[in-house]
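# Summary of the model geometry
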Amino acid sequence: MTTTPKPRLNICVTCRASKDAGNTAENDPARDRDGKVLFEALSAQIATQTNAPSFEIVPVECLSNCSSGCSVALNGAGKWGYVYGNLSLKDHAGDILKLAEAYATSETGLVAWRERPETVRRNVIARIPPIGG
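Now for a look at the structure at hand.

Analysis parameters
- Residues numbered from 1 in each chain as written.
- Predicted model: local features only at pLDDT ≥ 70, side-chain atom pairs only at ≥ 80, totals over all residues.
- Heavy atoms only, no water.
- Helix = DSSP H or I, 4+ residues; strand = E, 2+ residues; numbered from the N terminus.
- Buried < 20%, exposed > 50% of the residue type's maximum accessible area, 1.4 Å probe, protein only.
- Contact = heavy atoms within 4.5 Å.
- Phe/Tyr/Trp six-rings, centres within 6.5 Å; stacked < 30°, edge-to-face > 60°.
- Pairing = 2+ DSSP bridges.
- Axes fitted to C-alpha atoms, helices over the stretch in contact; angles between N-to-C directions.

## A few points about the overall build of the chain
Regarding its fold elements, the chain presents 2 helices and 5 strands. For the chain, the sequential pattern of α-helices and β-strands runs β-α-β-β-β-α-β. Here the chain, with 133 residues, has 43% of them falling under the buried criterion. Long-range contacts, defined here as pairs at least 24 residues apart, represent 66% of the contacts in the chain between residues at least 6 apart.

In structure tokens form, the structure reads like this:
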């Protein structure tokens, strides 16, 4: 029996936050990448939750959305995929996890506009159709 893998919240760990997301020290090599900080913070938040999420959180190298970093992507078997950008730990962390959970529990990956957390609704960069759909 084959099991379908959990949908994924992919977080670009090489991203620097865009200036729109409050980045003021984008070229400081001593500072951790904003995407890495976001991934670590969200992973730590998930680890403290009583119930396991319906999705995996995965670090990825470069989502090629550098002018709109920090970026995350949502994808799952048979689901529409999404790329979100201009995200920050300070402004979006909790809502990224809420969005990922809503995405994971949806049948097609299409989360109604009003069901998306308000702080991330307008941060969609791309929507990708599922293979075979």
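Alright, that's what it looks like, and here's the rest.
## Quick word on the packing of aromatic side chains
Throughout the structure, instances matching the rule amount to 2 aromatic pairs. Between the aromatic rings of Tyr 82 and Tyr 84, the centroid separation amounts to 6.1 Å while the plane-to-plane angle is 35°, which identifies the pairing as tilted. A relative accessible area of 4% means that Tyr 82 is categorised as buried. For Tyr 84, a relative accessible area of 2% corresponds to the buried category.

## Some points on the sheet that holds strand S5 (residues 124–128)
As a general point, the strands of a sheet are linked pairwise by backbone hydrogen bonds and lie either parallel or antiparallel. Read from one edge to the other, the open sheet built from 5 strands follows the order S2-S1-S3-S4-S5, with strand pairing classed as mixed. Every interior strand has two partners, whereas the edge strands, strand S2 (56–60) and S5, have only one. Across the sheet, the mean angle from the axis of one strand to that of its neighbour is 20°, orientation sign disregarded. Relative to strand S3 (residues 72–75), strand S1 (residues 8–12) runs antiparallel, the two sharing 4 bridges. From the neighbouring strand, Asn 10 faces S3, where its bridge partner is Ala 73. Sitting on the sheet, helix H2 (residues 89–105) is in contact with S1, S3 and strand S4 (81–84), with an inclination near 15° to S3.

## A few points about the environment of Leu 87
You can see Leu 87 is positioned in the loop between S4 and H2. Overall, the relative accessible area of 1% leaves Leu 87 in the buried class. Along the backbone, Leu 87 and Leu 38 are 49 residues apart, and their C-alpha atoms lie at a distance of 9.1 Å.

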